[in-house]
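# Structural overview
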Amino acid sequence: QFADVVKQTAHYVGASADELHANMRVRNACYTQPGPASTGVPVYGLAAGEAKSVIDLHLVPGWRA
């Protein structure tokens, strides 16, 4: 569940501050505040050419219980 996410890393196509903030708005919409630790990593492209981002999640089940 999203409540179990403790860290997310998003690799996204783009490098500008606007692209970073647009990406963050989408992924942070899944969490209640304060949300997990989050890192955005701009890349030139992804293995799946049509993809815009790849998100890695680290979960600890029940960590907020």
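Attention in this report is confined to the structure presented alongside it. Not measured: the values here are computed from a predicted model. (Residues numbered from 1 in each chain as written. Predicted model: local features only at pLDDT ≥ 70, side-chain atom pairs only at ≥ 80, totals over all residues. Heavy atoms only, no water.)

### With respect to unusual backbone geometry
Where we set the bar: Each helix corresponds to a stretch of at least 4 residues labelled H or I by DSSP, and each strand to a stretch of at least 2 residues labelled E; elements are numbered beginning at the N terminus.
At the junction of Q33 and P34, the peptide bond is cis and its omega measures out at 10 degrees in the coordinates. Counting through the fold element by element, P34 comes out in the loop between helix 1 (17-28) and strand 2 (37-43).

### Structural notes on the side chain of Q8
Test applied: A contact between two residues is defined here by any heavy atoms of the two lying within 4.5 Å.
With respect to the element layout, Q8 can be found in strand 1 (residues 5-13). The residues touching Q8, leaving out its near neighbours within four places in the chain, are R27, N28, Y31, P36, A37, S38, T39, I55, D56 and L57.

### As for the layout of surface pockets
For clarity, the cut-off: Of the grid points, spaced at 1 Å and generated over the protein atoms alone, those admitting a 1.4 Å probe that cannot get out make up cavities, while open sets with protein on both sides within 12 Å along at least five of seven lines make up pockets; any residue with an atom within 4 Å of a point is treated as lining. Grid points are joined across faces, edges and corners, and a volume is the space filled by probe spheres set on the points.
In this model, the largest pocket occupies a volume close to 160 Å³. What lines the largest pocket is Y12, V13, E19, A22, N23, V26, R27, K52, S53 and I55. Elements with a minimum of two residues in the lining of the largest pocket: strand 1, helix 1 and strand 3 (53-59). It is helix 1 that contributes the most residues to the lining of the largest pocket, five residues altogether.

### A look at the sheet that holds strand 3
To keep things clear, this is the line we draw: Two strands form a pair only when DSSP identifies at least two bridges running between them. Interaxial angle, 0 to 180 degrees, is taken between N-to-C directions of lines fitted to C-alpha atoms, where a helix line uses only the stretch in contact.
Read from one edge to the other, the open sheet built from three strands follows the order 2-1-3, with strand pairing classed as mixed. The open sheet has two edge strands, strand 2 and strand 3, and neither has a second partner. Across the sheet, the axes of successive neighbouring strands diverge by a mean angle of 15 degrees, strand direction being ignored. For strand 1 and strand 3, the ladder comprises seven bridges, and the chain directions are antiparallel. From the neighbouring strand, V5 faces strand 3, where its bridge partner is L59. Running at roughly 140 degrees to strand 1, helix 1 makes contact with strand 1, strand 2 and strand 3 of the sheet.

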